[in-house]
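Residues per chain, in single letters:
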Amino acid sequence: MSKKILIVEDEADLAQILAEYLQRDGFVATTIADGLVAMAELQRAPPDLLLLDLMLPGMDGISILRELRRSSALPVIMVTARSEEIDRLLGLELGADDYVCKPYSPREVVARVKSVLRRAQPAASPPAMPTVGGRPLEIDRDARQARVAGKSLELTPKEFRLLQVLAARPGRVFSRAQLLDAIYEDQFDVSERAIDSHLKNLRRKLAQAFPDDEPIRSIYGVGFAFES
Ligand code: CA
């Protein structure tokens, strides 16, 4: 969606040129020449960014910014006709996001607008926690690590492999033979019961991470499943 820029500037030509440059760059730009009208508009329909001239009829730019900052963190770029005013403005700590001095190049103002808007962008929300069967469990194949709510489970390679196989298909029941097949390359001389000790340890470690839960269920006489 296009960002809305409000230009508060009483020099009609300047306001018009800025609006055109901003529109050419895909912004929706509106202009207001009077400070009091601007204040009312800011309350009625706040833009995404405010370009605010300092000397205005009705209400001056400093008063507008002061009033605005009581209740709003709206990005504001102050525009002033004299460079020496910038120091004064900075000293006032009004909370403007940037300052532009007249005469300015409209291109430069557009660049400043973009940069201030980028900075004002809220930080990207953290990615959703990975889950398996509704639990905050992450199987990191590359690191060969399982994590619960971001905390690593200390698993042996065989325990990890077992968990990986079971968690890949929550709800599905795996027989001992299938699990054996999955974790031993060469299973000719491994008893199916060998699975049991790995599973026992894995389930114990999971029980520590999920105290009120038993993620791996044993189905008597059939096998094991990761509970979904
Ligand atoms: Ca002015």
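Per chain, residue numbering runs from 1 following the sequence as it is written. It should be noted that, the model being predicted, local features are given only for residues of pLDDT at least 70 and side-chain atom pairs only at 80 or more, the latter also being counted only at that level, while totals for whole chains, interfaces and linings use all residues. Processing note: side-chain calculations cover all non-hydrogen atoms of the structure and skip hydrogens and water entirely.

### Describing the pattern of salt bridges
For clarity, the cut-off: Whenever a carboxyl oxygen of Asp or Glu lies within 4 Å of a side-chain nitrogen of Lys or Arg, that contact is scored as a salt bridge. Strands here are runs of E lasting at least two residues and helices are runs of H or I lasting at least four, both read from the DSSP assignment and numbered beginning at the N terminus. Burial classes follow relative accessibility: with a 1.4 Å probe on protein chains only, a residue under 20% of its type's maximum area counts as buried, one over 50% as exposed, and anything between as partly exposed.
The full count for this structure, using the stated rule, is 17 salt bridges. Residue lysine 102 pairs with glutamate 11 through a salt bridge whose shortest N-O separation is 3.0 Å. Here lysine 102 is found in the loop between strand 5 (98-101) and helix 5 (106-120), whereas its partner glutamate 11 is found in the loop between strand 1 (4-8) and helix 1 (12-24), with 91 residues between them in sequence. Among the residues examined, lysine 102 registers a relative accessible area of 10% and is labelled buried. A salt bridge links aspartate 140 to arginine 147; the shortest N-O distance between them is 2.6 Å. A relative accessible area of 17% places aspartate 140 in the buried class.

### A word on the coordination of the calcium ion
Applicable threshold: Each metal's donors are the N, O and S atoms within 2.8 Å of it, or within 3.2 Å when it is Na, K or Ca, and because water is not part of the set, sites may look incomplete.
Taken together, Asp10 (OD), Asp53 (OD) and Met55 (O) make up the protein donors of the calcium ion, found 2.1 to 2.3 Å from the metal. By relative accessible area, which is 59% here, methionine 55 ends up exposed.

### A look at the environment of proline 170
By secondary structure assignment, the location of proline 170 is in the loop between helix 6 (157-168) and strand 9 (173-174). Taking the C-alpha atoms as reference, proline 170 lies 5.8 Å from glycine 133; in sequence the two are 37 residues apart.

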